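Here is how the chains run, residue by residue.
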Amino acid sequence: MSKPKSTVLKRFFPILCLIIALTGGTSVYAQYQREGDATIPLEYFYIERQHNGLRTLLSKVYFSFSTGYANTTFRHDLDGFGILQQADAAPLIFDGDNATVRYSNWTNDVTQYNDAVGPGAFSVNSDTAALGFRSNAFGIPLKLTAHIEFDRYRIGGGYSLDYTRVGEFEPTNFGDQVSSYSLERPGRFIKHYFGMIGATVYRYYEYTLVVDANIGGYSLGSDFAANLMNKSVYVNLGASVERQFSEYFRLFIRPSYEVKSYKLSIPETTQTLHHSVNALYVNVGFTWRLPELRRCFLKSCHAQINHAHGNREYRSRRHPIYKKQNPHYGENYPVLIKYKGKNKRKLNPY
Ligand SMILES: [Zn+2]
């Protein structure tokens, strides 16, 4: 049983007067500078909450994983070269100035072809016509990025591994006389490693539009002769629509266009062949970051907001990571039962 309020006050009042008298009346109201100077320090009542520094630091990094569809277009012009087509054989190219120097595999490793050419072969030189080949490659990207965000901007980097099936290379001209050719190994993994910068440009409720650029290097596979290749930096420009589920979890779709190319030196000549390998991507994936606070460990704890047990702060157990929560109160059931299902049509659902 607690004592009536008046009795407590009566007891407390003389003590208060004594304190005022002893301290000279004015200093009792003075602010103390340090917690230790307080007559009754606050830490008697409140435990200072401890924070996990490493976790706070890690929680600043957003990780994204995505997959989807890629369409890569291999394309090259044969300026300075000619095409030689023998019956029932893959086409060859020859040096425009010297038709006896011939090559096969001029897409990836350039093989000299020294066999005799039979009669009746079709040949055309690029000084009389525009020559070239193109091929479409279907691919499935697996992409991983990590970035940090400040204000509306983001910066990071990543890695993408695209399983790609390179189709047949079709002639861009003389399709009736020149046959198509294909790589010895059409299936391959194209690797990308890149830096990334971007910015959020538009927000509509939980949707955001983000434009970003991936800039880096790439590799087309081990059958592309590295010693003959001079690769460009690649640039991938994309716009993604993100759906925010909570501050820790988003889903996104990112269409993008990628520009890249390489020059292949042709041995025994001073010439190079310029191949462009541009690509169109549509990536679908999710972004996740580690919550600053650990999830509450108490199975029976129903707290719906960030809260403390002892000197540690915890995230509510009641909120899955994909649900947004107002930091001041739980938002677990934003739609009331009276607005759900068949209750919507009832005049008096309760
Ligand atoms: Zn709890």
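What you see is a predicted model; the values in this text were computed from it and never measured.

The next point concerns the pattern of salt bridges. All chains considered together, the criterion is met by nine salt bridges. A salt bridge links Arg154 to Glu242, with the nearest nitrogen and oxygen atoms 3.1 Å apart. In this pair, Arg154 sits in strand S8 (residues 153–166) while Glu242 sits in strand S13 (residues 234–246), placing the two residues 88 residues apart along the sequence. The class for Glu242 is buried, based on a relative accessible area of 2%.

Turning next to the coordination of the zinc ion. Protein coordination at the zinc ion: the donors are Cys296 (SG), Cys301 (SG), His307 (NE2) and His309 (NE2), at 2.0 to 2.3 Å from the metal. Around the zinc ion, the four donor atoms are arranged such that angles at the metal cover 98 to 121 degrees; this shape is classified as tetrahedral. According to the relative accessible area criterion, Cys296 is buried, its value standing at 2%.

This next bit is on the sheet that holds strand S17 (residues 294–295). Sheet strands associate in pairs through backbone hydrogen bonding, adopting either a parallel or an antiparallel arrangement. Strand order in this open sheet of three strands is S17-S19-S18, and the pairing throughout is mixed. In the strand order of this sheet, the two ends are held by S17 and strand S18 (307–309), each with one partner. Sheet analysis places S18 next to strand S19 (residues 312–315), joined by three bridges and oriented antiparallel. Paired with His309 across the two strands is Arg312, which belongs to S19.

Bridge count for strand S2 (residues 81–85) against strand S3 (residues 92–95) is four bridges, and the pairing is antiparallel. Bridge pairing links Gly82 to Phe94 in S3. Connecting S2 to the antiparallel partner S3 that follows it, the hairpin turn spans six residues, and Asp88 within it adopts a positive phi of roughly 55 degrees. As judged from the three bridges shared by S3 and strand S4 (residues 98–104), these two strands associate in the antiparallel manner. Within S4, the position partnered with Asp95 by the bridge is Asn98.

This next bit is on the side chain of His275. Topologically, His275 is positioned in strand S16 (residues 272–289). When its relative accessible area of 2% is taken as the criterion, His275 is described as buried. A polar contact is formed between the side chain of His275 and the side chain of His76, at a distance of 3.3 Å. In this structure, His275 is in contact with Arg75, His76, Trp106, Thr107, Ser261, Tyr262 and Leu264, ignoring residues within four places of it in sequence.

Moving on, we get to a positive patch on the surface. Judged by side-chain charge, Lys342, Lys344, Arg345 and Lys346 come together as a positively charged surface patch. Assignment of secondary structure puts Lys346 in the segment after S19. A relative accessible area of 40% places Lys346 in the partly exposed class.

About the cut-offs
- Residues numbered from 1 in each chain as written.
- Predicted model: local features only at pLDDT ≥ 70, side-chain atom pairs only at ≥ 80, totals over all residues.
- Heavy atoms only, no water.
- Salt bridge = Lys/Arg side-chain N within 4 Å of Asp/Glu carboxyl O.
- Helix = DSSP H or I, 4+ residues; strand = E, 2+ residues; numbered from the N terminus.
- Buried < 20%, exposed > 50% of the residue type's maximum accessible area, 1.4 Å probe, protein only.
- Donors = N, O, S within 2.8 Å, 3.2 Å for Na, K, Ca; no water.
- Tetrahedral: all angles 85-135°; square planar, octahedral: opposite > 155°, others 65-115°.
- Pairing = 2+ DSSP bridges.
- Polar contact = N/O pair within 3.5 Å; in protein donor to acceptor, adjacent residues only side chain to side chain.
- Contact = heavy atoms within 4.5 Å.
- Patch = residues over 30% accessible without salt bridge, like charges linked within 9 Å, V, L, I, M, F, W, Y side chains within 5 Å.
- Areas by Shrake-Rupley, 256 points an atom, 1.4 Å probe, with all protein chains shown as cover.
- Lys, Arg positive; Asp, Glu negative; His and termini not counted.
- Charge placed at Lys NZ, Arg CZ, Asp CG, Glu CD.

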